[in-house]
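Survey of secondary and tertiary structure
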Amino acid sequence: MSVSGNGRRVAVIGGCRTPFCKAGTVLKDLTAVALARHATNELVHRYELDGGVVDEMYFGQVVPSLLAPNLAREVSLLPQFPRTIPAASVNRACASANTAIVLGHDQIRLGNADVVIAGGAESLSDIPLLHSRRMSEMLVGLSKARSLGERLKLLAGFRLRDLTPVAPAIAEPSTGESMGQSAEKMAKMNGITREAQDEVALASHQRAHAGTADGRLTAEIVPIFPPGGGAPVTSDNGIRADTSLEQMARLKPVFDRKYGTVTAANSSPLTDGASAVLLMHDAKARALGYEPIVYVRSYAVAAVDPGWQLLMGPAIAVPKALERAGLTLKDMGLIEMHEAFAAQVLSNIQAFESKQWAEERLGRSEPIGEVNRDILNVMGGSIAIGHPFGATGGRLTITLANEMRRRGVQFGLISVCAQGGMGFAMVLELAA
Amino acid sequence: MSIFTTEIADGIARVVLDLPGEPVNKISRAVRDELDQLLTRLQGDSTVRAVILASGKPDTFIAGADIDEFTALTSRDQARELVQTGQALINRLGAIGKPVVAAIHGACLGGGLEAVLACAYRIATDDPKTKIGFPEVQLGIIPAAGGCQRLPRLIGARAALDIILQAKTLPAARAFRAGIVDELVHPAILDRVARDAAKRLADGWRPTRKRAGIAAFLLDNNALGRAVVFRTARKTVAKKTGGNYPAPVAAIRAIEHGLKHGLRAGLDMEAALFADLAVSEVSRELVGIFFASTALKKDPGVAGEAPPAHEVSRLGIVGAGFMGAGIGGTAVAHAHVDVRFRDADLPHVGNGLRAAQKILDDRRKRRRITKYEHQRLSALLTGGVDWAGFGRADLVVEAVFEDLDVKRDVFRQLEAHTRPETILASNTSTIPIGKIGEALERPERVLGMHFFSPVEKMPLLEVIVTERTAPWATVSAVAFGKRMGKTVVVVRDRPGFWVNRILAPYLGEAGRLVTEGVKIETIDAAMKHWGFPVGPIALMDEVGLDVGVKASKVLHDAFGDRFEPVGGLSKMVAEGRLGRKSGRGFYRYAGGKKQGVDESVYKIFGAPAESAKPIGDATTRLIFAMLNEAARALDEGVVRSARDGDIAAVFGIGFPPFRGGPLRLLDAIGAAEAVATLEQLTRDVGPRFTPAPVLVQMAKDNRRFHTST
């Protein structure tokens, strides 16, 4: 039973998501807002929700548009809802949707809300390009200039190179190190081989393909009708049924061409997509006639020094969440671990199983526990399915909850690494 | 004095019109008399430097002249006198020696617009309720209290013709852009801005109005250019009205005469032309239609005490084909409801969503909705292949293939997937609603909603009720149809309902004329000349010959020989010549455009090689086929009243409005005369023209369908 001050339990009623599609492909004409609105709209219809019962919304997004910086509010302004639902957007990098879910969870737990929609969205086909610093200064100066003379003076300082746009990088602002470089570094420091990484990637594709073929994955996907026409999109388009270790072995490492092991095949791709999850206070759900799938048992966040091993946050967050749940890794019947890079997955697992990690980082004598690969990412992970930064947390929650119900598993774990050296973990408990 | 209240402050008199006991302000005799005295007082009051004219009604400024006064007119002289009184009063608004400012919020139409045009300055609110225009031509008359004079003087002849001839009502923003009002303000500051303007005008300020562009210089501001404008307008009107509607022609004449010979002469011309029109049959019928459709808007759809309508805010649509998409798109565009489509597979759902979306896109293109409304409304369109969302629906419209078993299956599933109080409607045009719903547990919530294609354009909706349909369901479907912008008639569940029932004999007769060897062009031209917007043969091509044949089979099964299908039509369908949609019907089509008649049709119909004259008169045969069936159907209670039957014919088939509708036309002809004509046709052409028993009885009793004239 959930450990809680006032005994209010937070139920996951259900969720859905758009197909996750590689950036620049079939979803490229849809903004993140449009994707999030579509997923939420379908959530309303699938769960036959009366928009008026929703108290709040939280959505994650990592690279917001300058035109709609609060994505969540655009979603809560869908015509299926009254216009009076407050909404906030959050950014905890790859754990943004998880954080949105947690914010909703907390409001329900505190008694401030009974029904919350939380999720996330990202369109990496639609990233904002910025003017260079010099160009922006000149444009701002021009708009303030009072005389022709002032304007001419500003224009005289113009250089052609000022026109070069600045694209947001997937790099740590504090270290300048890109995600891939960090993963590469982790692979080397933890002795993770190229073969081991490719095996993780292969499993991801094979399991995602099986989950798509047998309909478990597609059940949570809402079809998208591309605005320009074309066939409806009903499944994730990065999953490769036909890939093999031999094929993957042919790829060149991206971040260290000479000694590297991280390739395009064993990393998650840039992806467009959105997810939405319906959370309710247990009693409210029953009053409205909804059957909870799982309850949130506990969660935790943590951070490490981003200049060290950037993606090791989960190895701190997971034991914290387990401790708060009063459970151990052994109690978990299913684990959904975000796969930013196979190198990160293997590094995290190594730490989970390491006595040294437990002693040095957690101040414990025993390791967190063995990771049973059979219950890890049973329908594949971000490497195959794709990773729209802001949305992935919603996918992990929905997939885990549904699969826990299918298998009758009592406890499930979510583990997510995030930019900035952060980690997120959540323990779900099957509703009786 | 109780109609106007006047407050005087700072030398500004604020005159508020608030007609007691009426929902809207209209210019009646009492209003005219009181305003006349009021103006005299204000003219003589030296403390008053300027006047503001405002309304005390929340949603209207002045909705127009009192139509009851106008319909009571019995002679030209009375009509002329009425309009001259109005002219004199409105002239005074600009001639009391003090500026009058119009502060307009709400509808400002007809006589209301004529009054403000005589004011020195016009300020309108940017509220959606504020609408400005001249609807007169729709009623077969013209703006005759100076409207045909002052509007062209203010905004140019071309723009004025555009508004007056098309009976346009503009939103405030467009009236501002057109130059009809001088300022556009938020309602909260209307009064303040009006006071400021009144003070400035009193101090001698004169507004400078925008100089028009080159086109206006060439076309509006010189006699030669104007001659071109009027010639073009006359041509357009002649083409559009086929010479059946005299009002637009009169409006052109009044405007032209005034611009040539001055305001005084123009006003006299307006009055003279108005007097002719006001007592004409055309205007009488048009006013009749106006009253009937206004009454229908207030009609809940059931007799006696109507139960409250269930509010429809979520609509489910089964079948995302052409009709389903049209219904969904129109529902979103006008009623702003949540629409959920269901179809067998996702590509069909996607096509339906796109087709429905196009209705919103078109409204955006025509600036009927803003970018933001467009975005918001677009999110109301969703769909899938399962029943997700149907449990939320308040109303479901089924628009699947016309097959009883398919429809029954859909309704069985709907019963399982909807709440018990959800209204279940079929959009069938041929299948009895009672049969679709008979096996259901709750047939009382089943009815028909027969939309016409294309849904977003066709103004009529037939709500089909069975013996078992509950009044609450009827009332709710009628109310929702109105929210979709439709004129709704309640029709009994009889084969063909109303529109197709009376249309089928008419189209069948057209087919028989073709079989006899009458030229297709001749038939279509005759009916267009008579006043239909399209001829019967072209109409069959538009509707689809397969649809027509299917409908006539149903009617033949139900009513026998007089609905005997025309052999040529079935042969055309067998050859896949279905009309416009298949690119080939009676006419040929290329690139979506109608070309000439396909001469091979005559052979299919077994027509003689040489074109022949019809037996009897083609027009009489076509029209009486429809009139006779209308009389029968009304007698069977297919529609609830002659009013409903006429309105449905006008809005559903394009029956010429100036003829009032089939039943009004029968009244005008007289039952005895109609029976005589039908008997003649029976002898000359065939027994299908046997007069409806009700007509024979009415001829004996000297009765009419409509009680009032």
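The text that follows walks through the structure, step by step, so that each part is easy to find. What you see is a predicted model; the values in this text were computed from it and never measured.

The rules behind the values
- Residues numbered from 1 in each chain as written.
- Chains lettered and ligands numbered in written order.
- Predicted model: local features only at pLDDT ≥ 70, side-chain atom pairs only at ≥ 80, totals over all residues.
- Helix = DSSP H or I, 4+ residues; strand = E, 2+ residues; numbered from the N terminus.
- Rg over C-alpha atoms; globule rule 2.2 N^0.38 Å.
- Contact = placed C-beta atoms within 7 Å.
- Buried ≥ 20, exposed ≤ 12 C-beta atoms within 10 Å, placed from the backbone.
- Pairing = 2+ DSSP bridges.
- Axes fitted to C-alpha atoms, helices over the stretch in contact; angles between N-to-C directions.
- Expected span 1.5 Å × (residues − 1).
- Nonpolar A, V, L, I, M, F, W, Y, C, P; charged D, E, K, R; others polar.
- Arc of directions from axis to C-beta.
- Parallel < 35°, antiparallel > 145°, perpendicular 65-115°, else oblique.
- Left-handed = near helix turned anticlockwise from the far one by under 90°.
- Core = buried A, V, L, I, M, F, W, Y, C linked by C-beta atoms within 7 Å.

Summing up its helical and strand segments, chain B has 30 helices and 20 strands in all. For chain B, whose C-alpha radius of gyration is 28 Å, the value lies close to the compact-globule estimate of 27 Å for 709 residues. For chain B, the C-alpha atoms occupy an extent of roughly 80 × 60 × 55 Å along the three principal directions. Counting only contacts in chain B whose residues sit at least 6 apart along the sequence, the fraction spanning at least 24 positions is 74%.

Next up on the list: the overall build of chain A. The number of helices and strands found in chain A is 14 helices and ten strands. Taking 22 Å as the expected radius of gyration for a compact globule of 432 residues, we find that chain A reaches 22 Å, a close match to that expectation. Dimensions along the principal axes, computed over C-alpha positions, put chain A at roughly 75 × 55 × 45 Å. A total of 432 residues make up chain A; the buried ones form 54% of that total. Pairs at least 24 apart in sequence give 80% of the contacts found in chain A among residues at least 6 apart.

The strands making up a sheet associate through backbone hydrogen bonding, with each pair oriented either parallel or antiparallel. All names here are of chain B. Read from one edge to the other, the open sheet built from six strands follows the order β1-β2-β3-β5-β7-β10, with strand pairing classed as mixed. In this open sheet, the two edge strands, each paired with only one partner strand, are β1 (4-9) and β10 (183-185). Within the sheet, the average angular offset between the axes of one strand and its neighbour, ignoring direction, is 20 degrees. The pairing of strand β2 (residues 12-17) with strand β3 (residues 50-55) spans six bridges and is parallel.

Take helix α23 (residues 545-559) of chain B next. All names here are of chain B. Taking 1.5 Å per residue as the helical rise, α23 with its 15 residues ought to reach 21 Å, and the 20 Å between its terminal C-alpha atoms agrees with that figure. If you check which residues of α23 are buried, you get L545, D546, V547, G548, V549, A551, S552, V554 and L555. Contacts from the buried residues of α23 go to α20 (499-515), α22 (536-543) and α24 (567-574). Of the residues one or two after α23, G560 is the one with positive phi, at around 85 degrees.

Turning our attention to the interface of chain B and chain A. The interface of chain B with chain A comprises 15 residues on the first partner and 15 residues on the second. Secondary structure elements with two or more residues in the side of chain B that touches chain A: β12 (338-342) and α15 (346-365) of chain B. The dominant element in the side of chain B that touches chain A, judged by the number of residues it contributes, is α15(B), at five residues. The class makeup of the residues in the side of chain B that touches chain A is six nonpolar, four polar and five charged.

Residue and element names in this part refer to chain B. Residues I520, I523, D524, A526 and M527 constitute the buried set of helix α21 (residues 520-530). End-on, the buried residues of α21 take up no more than an arc of 155 degrees, which puts them together on one face. Looking at the packing, one finds that the buried side of α21 touches α20, α22, β20 (593-597), α25 (601-604) and α26 (618-635). Phi turns positive one or two residues past the end of α21, at G531, with a value near 130 degrees.

Attention shifts here to the packing of α21(B) against α22(B). Residues and elements named next belong to chain B. Two elements in contact, α21 and α22, have axes whose closest approach is 7 Å; the angle formed by their N-to-C orientations is 100 degrees. The orientation of α21 with respect to α22, classified from their angle, is roughly perpendicular. Contacts between α21 and α22 involve I520, I523, D524 and M527 from the first element and P536, I537 and A538 from the second. Counted by class, the contact of α21 with α22 contains six nonpolar, no polar and one charged residues.

Residue and element names in this part refer to chain B. Packing of helix α3 (residues 76-93) against helix α12 (residues 263-278) brings their axes to within 8 Å, and their N-to-C directions diverge by 140 degrees. Considered as vectors, α3 and α12 are oriented oblique to each other. Judged by the twist between their axes, the crossing of α3 over α12 is right-handed. Of the residues in α12, those touching α3 at R76, A79, R80, V83, Q84 and Q87 are L267, A271, A272, F274, A275, D276 and A278. Across the contact of α3 with α12, the residue classes break down as eight nonpolar, two polar and three charged.

Ranked by size, the top nonpolar core spans 362 residues in total, and within it B:V101, B:I123 and B:I142 carry the most contacts. The leading source of residues in this core is α26(B), at ten residues.

This brings us to the environment of B:L346. One can find B:L346 in helix α15. Owing to 18 C-beta atoms within 10 Å, B:L346 belongs among the partly exposed residues under this scheme. Separated by 351 residues in sequence, B:L346 and B:Q697 place their C-alpha atoms 57 Å apart. Those residues in contact with B:L346 that lie beyond four places of it in its chain are A:P223, A:P232, A:T234 and B:V385.

All right, on to the pairing of strand β5 (residues 100-104) of chain B then. Residues and elements named next belong to chain B. Burial of β5 is extensive: five of the five residues sit out of reach of the surface. Where β3 and β5 come together, three bridges link them in parallel fashion. Among the inter-strand pairings, I52 is bridged to a residue of β5, identified as V101. When β5 meets strand β7 (residues 121-125), the two strands line up parallel, connected through four bridges.

Residues and elements named next belong to chain B. Its location among the elements puts Y602 in helix α25. Overall, the presence of 20 C-beta atoms within 10 Å leaves Y602 in the buried class. The spatial distance from the C-alpha of Y602 to the C-alpha of V518 is 9.2 Å, given a sequence separation of 84 residues.

Function-wise, these values are silent; they only describe arrangement.
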